Amino acid sequence: MSSKPMGKIITVFNQKGGVGKTTTTCQLAGTFGHRGYDVMVADLDAQQTSASWLSRADGANFPATLWSGFRYKDSTAVELGKLASKYDLIFVDCAPAVDQPGTWASLLVSDLALIPTKLSPADTDALPAALALAKKALLTAGREYPVRIVPTAFRRNRADEKAALDAIAQDKNYPNFPPLSQVLSDRVAFTRSMLYGATVHSMPNAKDAITEIDALGDAVAKLLKIPANKRT
Ligand SMILES: Nc1ncnc2c1ncn2[C@@H]1O[C@H](COP(=O)(O)OP(=O)(O)O)[C@@H](O)[C@H]1O
Ligand SMILES: [Mg+2]
């Protein structure tokens, strides 16, 4: 059997529900699947929304494998470690609470953590808890890896949302965990592609959404120090 380099684990988490964790996970995972990578989505949320996304159309439209690992709790890290020898990339969609054993386990074995957030006060108020968890995980793991906030469902023309994003970027408490400039805007294609069990790349009239997820994919590849496309 030929050996394969250890795959990269990307934890997508936040204590809030409805902030775009599942949307970011599935769109990004599928983007890397389209780019030739062997991708797994690990759905650690008992609601199993990623599982449902990948399973539509019998999974025929989604270029990634699903692992419904939400029952593993503390042994999630061991299971993810085993899976990482079989896949290039594992995107981990976490449950909406920072005290979940699966989230903690995943953060301890990660190469990158992404914290999706919408820009309303109810959403951004949850950020300090998520950032504190990431900080604790890096200390406990005894290694450094990038942690980034991903602005989701962003409405560029709303002054309050722009101000909220600027406030996050300038927050001196967490200078090491900045928001990415590659935001996902509020676009119906990001939502509707779930109905087809696909990424926005399969959707008609989704040019702007595709441009955004491709740019986010490029940024993630850079943070992981991997090529944007596997086959080039
Ligand atoms: N970029 C976006 N544009 C439009 N709607 C979005 C976007 N991201 C998320 N949503 C919507 O917000 C809701 C919550 O998103 P979801 O990814 O399920 O969040 P979570 O996994 O954090 O609970 C869903 O209805 C989803 O379609
Ligand atoms: Mg979800």
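Here the structure is a predicted model, which means the values were calculated and not measured.

**Q** Please clarify how the pairing of strand 6 (residues 147-151) should be interpreted in this entry.
**A** Put simply, side chains in a regular strand alternate between the two faces of the sheet. With four of five residues buried, strand 6 lies mostly within the body of the structure. Bridge count for strand 5 (residues 112-117) against strand 6 is five bridges, and the pairing is parallel. Note that in strand 6 the partner of Ala113 across the bridge is Val147.

**Q** What should I look at first to understand the nonpolar core in this one?
**A** A general feature of soluble globular proteins is that nonpolar side chains tend to end up buried together. Ranked by internal contacts, the top residues of the largest apolar core, which has 65 residues, are Val39, Ile90, Phe91, Val92, Ala130 and Ala134. Top contributing element to this core by residue count: helix 6 (residues 127-141), with seven residues. Setting aside anything within four residues of it in sequence, one finds Val39 in contact with Ala29, Phe32, Gly33, Pro63, Ala64, Tyr87, Asp88, Leu89 and Phe91.

**Q** Is there a simple way to explain the sheet that holds strand 6 in this structure?
**A** Across a sheet, paired strands are connected by hydrogen bonds in the backbone, their directions being either parallel or antiparallel. Spatial ordering of the open sheet is given by 3-2-4-1-5-6, a layout of six strands whose pairing is parallel. A strand with exactly one partner marks an edge of an open sheet, and here the two such strands are strand 3 (65-67) and strand 6. Neighbour-to-neighbour, the strand axes of the sheet open up by a mean angle of 25 degrees, direction not taken into account. With three bridges joining them, strand 1 (residues 8-12) and strand 5 adopt parallel strand pairing. Bridged to Thr11 within strand 5 is Ala113. On the sheet, helix 1 (residues 21-34) packs against strand 1, strand 2 (39-43), strand 4 (89-93), strand 5 and strand 6 and is oriented at approximately 165 degrees with respect to strand 4.

**Q** In this structure, what is going on with the pairing of strand 1? I would like to understand it.
**A** Judged by how many residues are buried, strand 1 sits mostly within the fold: five of five residues are covered. The alternating pattern of strand 1 places Lys8, Ile10 and Val12 on one face and Ile9 and Thr11 on the opposite face, and all of these are buried. Pairing analysis gives five bridges linking strand 1 to strand 4, with the strands arranged parallel. Across the sheet, Val12 pairs through a bridge with Asp93, a residue of strand 4.

**Q** Would you explain the site of ligand 1 in this entry?
**A** Near ligand 1 lie 16 residues; those nearest to it are Gly20, Lys21, Thr22, Thr23 and Thr191. Mapped by element, the contributors of at least two residues to the shell around ligand 1 are helix 1 and helix 8 (188-192). The leading source of residues in the shell around ligand 1 is helix 1, at three residues. For the shell around ligand 1, the class distribution of residues is five nonpolar, eight polar and three charged.

**Q** Just checking my understanding: could you explain the packing of helix 1 against helix 9 (residues 207-224) for this structure?
**A** The geometry of a pair of packed helices is captured by two quantities: the angle between their axes and the separation between those axes. Contact geometry of helix 1 with helix 9 gives a least axis separation of 10 Å together with a crossing angle of 75 degrees. In terms of axis orientation, helix 1 runs roughly perpendicular to helix 9. Only Ile213, Asp214, Leu216, Gly217 and Val220 of helix 9 make contact with helix 1, whose side of the interface consists of Gln27, Leu28, Thr31 and Phe32. A per-class count over the contact of helix 1 with helix 9 returns five nonpolar, three polar and one charged.

**Q** I'm lost on helix 7 (residues 159-169) in this one. Help?
**A** Side chains of residues three or four places apart in an α-helix project in the same direction, reflecting 3.6 residues per turn. Within helix 7 the residues assigned to the buried category are Glu161, Ala164 and Leu165. Down the axis of helix 7, the buried side of the element spans an arc of 95 degrees, and every buried residue falls inside it. The exposed set on the far side of helix 7, more than 90 degrees from its buried face, consists of Ala159, Asp160, Ala163, Asp166 and Ala167.

**Q** Help me understand unusual backbone geometry, please; the structure alone is not making it clear to me.
**A** In this structure, Gln48 is a non-glycine residue whose phi angle is positive, near 55 degrees. By the secondary structure assignment, Gln48 is in the loop between strand 2 and helix 2 (49-55). At Ala153, a residue that is not glycine, the phi angle is positive and equals roughly 50 degrees. Counting through the fold element by element, Ala153 comes out in the loop between strand 6 and helix 7. Judged by the 22 C-beta atoms lying within 10 Å of it, Ala153 falls in the buried class.

Calculation criteria
- Residues numbered from 1 in each chain as written.
- Chains lettered and ligands numbered in written order.
- Predicted model: local features only at pLDDT ≥ 70, side-chain atom pairs only at ≥ 80, totals over all residues.
- Buried ≥ 20, exposed ≤ 12 C-beta atoms within 10 Å, placed from the backbone.
- Helix = DSSP H or I, 4+ residues; strand = E, 2+ residues; numbered from the N terminus.
- Pairing = 2+ DSSP bridges.
- Core = buried A, V, L, I, M, F, W, Y, C linked by C-beta atoms within 7 Å.
- Contact = placed C-beta atoms within 7 Å.
- Axes fitted to C-alpha atoms, helices over the stretch in contact; angles between N-to-C directions.
- Near = placed C-beta within 6 Å.
- Nonpolar A, V, L, I, M, F, W, Y, C, P; charged D, E, K, R; others polar.
- Parallel < 35°, antiparallel > 145°, perpendicular 65-115°, else oblique.
- Arc of directions from axis to C-beta.

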